[in-house]
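This is what each chain is made of:
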Amino acid sequence: MLNKIVSRRTLLAGAALWLVGTSSTMAQSDKVLDVYIFNYSDRTLLDVSVNGVRVGSPGPYPYSGRRNKVGARFNDGQQTVTWRVAGTDGQETGPIVRSSNTPSMGEIPSDARNLSIHIYPDFTVEFNFSRRVPGLSKRGETIDADYRSRKAAQGGAS
């Protein structure tokens, strides 16, 4: 009889500890997001990775900002972002590049469905979250305005 009581108590205590452990783990668990990469440089980026998770290979600006990965797992806090720059006609790709800053996701909003990764020509990276398809960042809007004015000037000079 004592063995049955001990084993029931042990079982109940173990189940309670498991529930507490899983609930605290779930509070800190990864968030699954779709990834959009905005590459503001004039070169294709290959094998963009966030903390070792490959998230895509965006084309040069303005051919970036499309969804690159569906359902990638991310956690809060600082992230390591790396990529390779594609070579031009006949040249091989360059070495792996690491972002010049250490971007942080902060606390991922509970209603976020998309992560946009903004990679700038100076190798800095910025993360933004959204419920709907993301757009350019504020800094990206400035780069886009400059790009459009250069294209308009080229079109008028022809």
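Residues numbered from 1 in each chain as written. Predicted model: local features only at pLDDT ≥ 70, side-chain atom pairs only at ≥ 80, totals over all residues. Heavy atoms only, no water.

Another aspect to go through is the overall build of the protein chain. The secondary structure content of the protein chain amounts to two helices and eight strands. In the protein chain, the succession of helices and strands from N to C terminus is α-β-β-β-β-β-β-β-β-α. Counting only contacts in the protein chain whose residues sit at least 6 apart along the sequence, the fraction spanning at least 24 positions is 56%. About 10200 Å² of surface is accessible on the protein chain, with carbon and sulfur atoms providing 53% of the total. (Helix = DSSP H or I, 4+ residues; strand = E, 2+ residues; numbered from the N terminus. Contact = heavy atoms within 4.5 Å. Areas by Shrake-Rupley, 256 points an atom, 1.4 Å probe, with all protein chains shown as cover.)

Let us look at the sheet that holds strand E4 (residues 67-74). Read from one edge to the other, the open sheet built from four strands follows the order E4-E1-E7-E8, with strand pairing classed as mixed. Looking at strand neighbours, the two that pair on one side only are E4 and strand E8 (125-130), the edges of this open sheet. With strand direction ignored, the average angle separating the axes of adjacent strands in the sheet is 30°. Pairing analysis gives five bridges linking strand E1 (residues 31-39) to E4, with the strands arranged antiparallel. Paired with valine 35 across the strands is lysine 69, a residue of E4. (Pairing = 2+ DSSP bridges. Axes fitted to C-alpha atoms, helices over the stretch in contact; angles between N-to-C directions.)

This brings us to the pattern of salt bridges. Side chains carrying opposite charge are able to pair once their charged atoms draw close together. For the structure shown, the criterion picks out six salt bridges. The partner of arginine 84 in a salt bridge is aspartate 47, and the shortest N-O contact between them spans 2.5 Å. One end of the pair, arginine 84, is in strand E5 (residues 81-85); the other, aspartate 47, is in strand E2 (residues 45-50), with 37 residues separating them in the sequence. Put simply, Asp47, Arg54 and Arg84 are held in one network by salt bridges that share partners. (Salt bridge = Lys/Arg side-chain N within 4 Å of Asp/Glu carboxyl O.)

Our focus in this paragraph is the sheet that holds strand E6 (residues 96-98). Overall, antiparallel pairing links the four strands, which are arranged E3-E2-E5-E6 in an open sheet. Two strands in the sheet have a free side with no partner beyond their single neighbour: strand E3 (53-56) and E6. When the angles between neighbouring strand axes are averaged without regard to direction, this sheet yields 30°. Inspection of the sheet shows E2 paired to E5 by four bridges, in the antiparallel sense. The residue of E5 that forms the bridge with leucine 45 is valine 85.

Glancing now at the packing of aromatic side chains. This model, assessed by the stated rule, comprises five aromatic pairs. An angle of 15° between the planes, with centres 6.4 Å apart, marks the rings of phenylalanine 38 and tyrosine 40 as stacked. For the pair formed by phenylalanine 38 and tyrosine 40, the shared burial category is buried. Consider the rings of tryptophan 83 and phenylalanine 123, whose centres lie 6.0 Å apart with planes at 50°: the pair is tilted. Of the two residues, tryptophan 83 sits in strand E5 while phenylalanine 123 sits in the loop between strand E7 (114-119) and E8, which places them 40 residues apart along the sequence. When its relative accessible area of 1% is taken as the criterion, tryptophan 83 is described as buried. Ring pairs connect the aromatic residues Phe38, Tyr40, Tyr61, Tyr120 and Tyr147, which therefore count as one cluster. Taking NZ or CZ as reference, arginine 139 lies 4.1 Å from the ring centre of tyrosine 120, over its face. (Phe/Tyr/Trp six-rings, centres within 6.5 Å; stacked < 30°, edge-to-face > 60°. Buried < 20%, exposed > 50% of the residue type's maximum accessible area, 1.4 Å probe, protein only. Lys NZ or Arg CZ within 6 Å of the ring centre and 35° of its normal.)

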